[in-house]
Amino acid sequence: MITVNNAPSIDHAVGKPKAGKGMNWKTKRKLFIFVFTVPTLLFFCLFMIYPIIQGLYISLFDWSGGSETKSFIGFDNYKEMLNDPILGHAIYNDYFLVFWKVIGIVGLGVFFAVALTRFRMKGSGFFRQVFFIPNILSVVVIGVLWNYIYNPSIGFLNSFLSLFTEKKVEISYLGDEAYAMWSLLPPAIWAGVGFVMILLIASILSIPTELYEAGNLDGATQWQQFVRITMPLTWEQIKVSILWVVMTTLNGSFVIVWIMTEGGPDNATQVMGSYLYQMGFRQYHMGYASAIGALILILSLITTLALQRIMRRDTYEMS
Amino acid sequence: MHKKSAGSVVLSAIFYVILILWALCVLYPLVWSVFGSLKDNQQFLLKMPWSLPEFPLLWENFSNVWVNYQVGTYFMNSLLVTTLSTLLALLLASTTAYTIARFRFIGNQVLYNLYLASMMIPMILGLIPLFFLLSDMQLSNTLLGLILVYTAMNISFGVFVLTGFFRTLPKELDESASIDGASDYGVFFRIMLPLARPGLISVGIMNVLSIWNEYVMGTVLVNDPSKYTLPIGIAVMQAEMQYRTEWGPLFAGLLLSIIPVLIIYFIFQRQITSGMIAGAVK
């Protein structure tokens, strides 16, 4: 009953005008594109883009969050940062986590991937499945589990150590400034290794086996094969893994800090994100907190760009 | 490995031990929260942490935590928020992704880059403004507020993955449907969406996991215990443990939040791993 006349253009790219009923096809097509993109865009702008821009804007104000007391102070919040020793320490802690997490997560991830592919371990499917589990758990779950492992009196770690000592071990891992930062590493590494492993396994399996066979014929050891074949050919994925760890740490490491130590004891484990939270929602310095947010954005962009440059050169030299 | 020297056998054995140790590191805390969820306080304080729970097993920890600790409410809130946000995010993302993938219009590439770039921006920068935005909209402490924020947080990933997916679908399909007289809307909803099901499932599962597990936005935007989702509720329960130690119920609550995630993982493993890879590679 509907004539072929009514059909919209079949050529999306160029489009041949055809007569339509009522509206012509061009208007209809425009309306369609509008209906399919604009609501999403408006929604996204309201709840994602606007808050981010507003965050940058608030960082120029002295504001406690109330309605009357918002005064423009230009870059004073940023100047104040220079004289804030806690912030300095928080930045240091962020990069401490970045450094050790990259070593731990990428190191173990690559190791497991190589062990499960090149060494053809029995039950490799099982290990793969299990190792990935922490990656799908909520940070809250990870934090609660590890809080219990670290619990000074009834926790697993001290009870285990006490088996080998005469006196009961009662180390307060998260409550002692000397241990607290280091104690945040195992849960963070525990939670990330599986993903890097999966990424690397896929990459190693795509390497032509002839290369390894040739290596065997030439009498290359497993280590030599790893350095000469596996590393260069999976470098792209290793790079992605490193950037992934760096990004997720700078943008999100505060969550595990918040759950496990709240930045304590005495700000010893404060990272930029947890400090932002404390400044904003505990001490009501909304302007200063927003400036920390801007700092996180800037540092994470600079760090990833710098790393991308460095690692690009490395690839070039290796090949 | 075409010849097995003594050295490589030893090496394999060492690797095997390391793999088993790591598997224990991963599984043990989980097994142990199962044990913990069946113990009473006395067993926590007097027995070794690795001791098995004593009989009778305290299954009532689960009903206790479900009713008296309101974990039942948290669970239902999580379920509602996760389901609605995921569906809404899928609708908003798939329409945009389809349009970007299939039509040439001014701003096409800009739109795509906008969604892609937003994935690199730390969400915490928007945390404070979001808090005030929701309170201006009278949406603080409401599940609707959480649903809107979670939806927005998951749109870019969906647009990114689904645009790639729609590009791989053969053009001839919607072209022939167009000739048969279907409108653009009909082509999308009746032909393209069903074809895109694998992509939608992948994105949907990733959304479900990220929303079910989300903590930061939730804890800032919701202060009313009757509106808590599981991660918020469990974090609060844990914080209160300093004053009132009830470990059994805490682990029972923890398990109630882990089990759905594990079930989803074992069903949709492939989608989850490939989804995470897509998110990281960009």
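Within an unreviewed UniProt entry, the label attached to chain B reads Sugar ABC transporter permease, and the organism entered is Paenibacillus selenitireducens. According to the UniProt record, the Subcellular location (unreviewed entry) comment for chain B reads "Cell membrane". Reading the Sequence similarities (unreviewed entry) entry of the UniProt record for chain B gives the comment "Belongs to the binding-protein-dependent transport system permease family."

A.B. asks: Account for the overall build of chain A, naming residues and giving values.
C.D. replies: If you tally the helices and strands in chain A, you get twelve helices and two strands. Secondary structure elements in chain A, listed N-terminal to C-terminal, are α-β-β-α-α-α-α-α-α-α-α-α-α-α. Rg of the C-alpha trace for chain A: 27 Å, well past the compact-globule value of 20 Å for 319 residues, more than 25% over. With the principal axes as the frame, chain A shows a C-alpha extent of 90 × 75 × 45 Å. Put simply, chain A has 319 residues, and 54% of those count as buried. Residue pairs at least 24 apart in sequence account for 63% of intrachain contacts in chain A once pairs closer than 6 positions are excluded.

A.B. asks: Quick one: what's the story with the overall build of chain B, residue by residue and with numbers?
C.D. replies: Looking only at helices and strands, one finds 13 helices and zero strands in chain B. Start at the N end of chain B and walk to the C end: the helices and strands fall as α-α-α-α-α-α-α-α-α-α-α-α-α. The C-alpha atoms of chain B give a radius of gyration of 24 Å, which is well past the 19 Å a tight globule of 282 residues would have. Principal-axis analysis of the C-alpha atoms places the extent of chain B at approximately 75 × 70 × 35 Å. For chain B, the proportion of contacts with a sequence separation of at least 24, taken over those separated by at least 6, is 73%. Accessible surface, chain B as shown: approximately 12300 Å² in total, 68% of it carbon and sulfur.

A.B. asks: So, the packing of aromatic side chains: which residues are in play, and what are the values?
C.D. replies: Across all of its chains, the model carries 55 aromatic pairs over all chains by this definition. On the numbers, 4.8 Å between centres and 40° between planes, the contact of tyrosine 148 of chain A with tryptophan 32 of chain B is tilted. Of the two residues, tyrosine 148 of chain A is situated in helix H5 (residues 139-150) and tryptophan 32 of chain B in helix H1 (residues 6-36); the pairing between them involves two chains. Residue placement shows lysine 70 of chain A over the ring face of phenylalanine 61 of chain A; its charged tip is 5.4 Å from the ring centre. Lying over the aromatic face of tyrosine 112 of chain B, arginine 167 of chain B brings its terminal NZ or CZ to 5.6 Å of the ring centre.

A.B. asks: Tell me about the environment of leucine 116 of chain A, and please be specific about residues and values.
C.D. replies: The residue leucine 116 of chain A is located in helix H3 (residues 85-117) in this model. Relative accessible area serves as the criterion here: at 3%, leucine 116 of chain A is assigned to the buried category. Between the alpha carbons of leucine 116 of chain A and threonine 27 of chain A there is a distance of 57 Å; along the sequence they are 89 residues apart. Once residues lying within four places of it in the same chain are set aside, the contact partners of leucine 116 of chain A are Met121, Ser124, Phe127, Arg128, Met197 and Ile201 of chain A together with Leu19 of chain B.

A.B. asks: Describe the interface of chain A and chain B, with residues and values.
C.D. replies: Counting residues at the interface gives 96 residues for chain A and 97 residues for chain B. A buried area of about 9100 Å², summed over both sides, lies between chain A and chain B, and 82% of it is on carbon and sulfur atoms. Counting across the interface, chain A meets chain B through one salt bridge. Here arginine 29 of chain A and aspartate 184 of chain B are joined by a salt bridge, their closest N and O atoms 2.8 Å apart. For the pair chain A and chain B, the interface holds twelve residue pairs in polar contact (both at pLDDT 80 or more). It is helix H1 (residues 25-58) of chain A that contributes the most residues to the side of chain A that touches chain B, 22 residues altogether.

A.B. asks: I'd like a description of the confidence of the model for chain A, backed by residues and values.
C.D. replies: Taken residue by residue, chain A gives an average pLDDT of 87. The fraction at 70 or more is 91%. Scored below 50 in pLDDT, residues 1-20 of chain A makes 30 contacts in the model with residues more than four places away or belonging to other chains.

A.B. asks: Can you tell me about the domain arrangement of chain B, naming the residues and giving the values?
C.D. replies: One frequent convention defines the size of an interface as the accessible area lost when the parts assemble. Residues and elements named next belong to chain B. As far as domains go, chain B holds domain 1 (6-61) and domain 2 (62-281). Each of domain 1 and domain 2 was reduced to a C-alpha centroid, and the two centroids are 32 Å apart. Residue-level contacts link twelve residues of domain 1 with 14 residues of domain 2. Here domain 1 packs against domain 2, burying approximately 1000 Å² in sum over the two surfaces, 66% of which is carbon and sulfur. Together, Ser33, Asn41 and Asn61 form the three largest contributors to the area buried by domain 1 at its contact with domain 2, with a combined 43%. At the surface where domain 1 touches domain 2, the tally comes to zero salt bridges. Run the count over domain 1 and domain 2 and you get six residue pairs in polar contact (both at pLDDT 80 or more). Of all the elements in the fold, those that place two or more residues in the side of domain 1 that touches domain 2 are H1, helix H2 (41-46) and helix H3 (60-67). With four residues, the single largest contributor to the side of domain 1 that touches domain 2 is H1. When the residues that make up the side of domain 1 that touches domain 2 are grouped by side-chain class, the tally is five nonpolar, five polar and two charged.

A.B. asks: Explain a nonpolar patch on the surface to me, and be specific about the residues and the numbers.
C.D. replies: Together, Phe160, Leu161, Leu163 and Phe164 of chain A together with Met48 of chain B give the surface a local cluster of nonpolar side chains, amounting to about 480 Å² of exposed area. By the element assignment, phenylalanine 160 of chain A lies in helix H6 (residues 156-162). Residue class for phenylalanine 160 of chain A comes out partly exposed when judged on its relative accessible area of 36%.

A.B. asks: Can you tell me about the domain arrangement of chain A, naming the residues and giving the values?
C.D. replies: Taken domain by domain, chain A consists of domain 1 (4-58) and domain 2 (76-318). A separation of 42 Å is found between the C-alpha centroids of domain 1 of chain A and domain 2 of chain A.

A.B. asks: Can you lay out the UniProt feature "transmembrane region" (unreviewed entry) in chain B for me, pointing to particular residues and giving the numbers?
C.D. replies: Residue and element names in this part refer to chain B. UniProt feature "transmembrane region" (unreviewed entry): in the numbering of this structure it lies at residues 9-31, 74-98, 110-132, 144-166, 187-212 and 247-268. The span residues 144-166 shows a helical share of 100% and a strand share of 0%, and its end C-alpha atoms are spaced 30 Å apart. End C-alpha to end C-alpha, residues 187-212 measures 32 Å, and it is 96% helix and 0% strand.

A.B. asks: Would you mind going over helix H8 (residues 171-179) of chain B in detail, with residue names and values included?
C.D. replies: All names here are of chain B. Within H8, the full set of buried residues consists of Asp174, Ala177 and Ser178. What you see down the axis of H8 is that its buried residues fit within an arc of 105°, all on one side. Elements that come into contact with the buried residues of H8 comprise helix H4 (71-102) and helix H9 (184-195). Immediately beyond the C-terminal end of H8, within one or two residues, lies glycine 181, with a positive phi of roughly 100°.

A.B. asks: Before we move on, could you go through the packing of H4 of chain B against helix H5 (residues 108-118) of chain B and cite the residues and values that matter?
C.D. replies: All names here are of chain B. The N-to-C vectors of H4 and H5 enclose an angle of 135°; their axes lie 9 Å apart at closest approach. One way to sum up the angle between H4 and H5 is to call them oblique. Every pair of crossing elements has a handedness; the one defined by H4 and H5 is left-handed. Note on element contacts: H5 touches H4 through Asn108, Leu111, Tyr112 and Tyr115, opposite Thr96, Thr99 and Ile100. Here the residues of the contact of H4 with H5 sort into four nonpolar, three polar and no charged.

What counts, and at which threshold
Residues numbered from 1 in each chain as written. Chains lettered and ligands numbered in written order. Predicted model: local features only at pLDDT ≥ 70, side-chain atom pairs only at ≥ 80, totals over all residues. Heavy atoms only, no water. UniProt positions renumbered as here; feature names shortened; annotations may be inferred. Helix = DSSP H or I, 4+ residues; strand = E, 2+ residues; numbered from the N terminus. Rg over C-alpha atoms; globule rule 2.2 N^0.38 Å. Buried < 20%, exposed > 50% of the residue type's maximum accessible area, 1.4 Å probe, protein only. Contact = heavy atoms within 4.5 Å. Areas by Shrake-Rupley, 256 points an atom, 1.4 Å probe, with all protein chains shown as cover. Phe/Tyr/Trp six-rings, centres within 6.5 Å; stacked < 30°, edge-to-face > 60°. Lys NZ or Arg CZ within 6 Å of the ring centre and 35° of its normal. Buried area = accessible area lost by both parts, 1.4 Å probe. Salt bridge = Lys/Arg side-chain N within 4 Å of Asp/Glu carboxyl O. Polar contact = N/O pair within 3.5 Å; in protein donor to acceptor, adjacent residues only side chain to side chain. pLDDT = per-residue confidence, 0-100. Domains from an automatic or database assignment. Nonpolar A, V, L, I, M, F, W, Y, C, P; charged D, E, K, R; others polar. Patch = residues over 30% accessible without salt bridge, like charges linked within 9 Å, V, L, I, M, F, W, Y side chains within 5 Å. Arc of directions from axis to C-beta. Axes fitted to C-alpha atoms, helices over the stretch in contact; angles between N-to-C directions. Parallel < 35°, antiparallel > 145°, perpendicular 65-115°, else oblique. Left-handed = near helix turned anticlockwise from the far one by under 90°.

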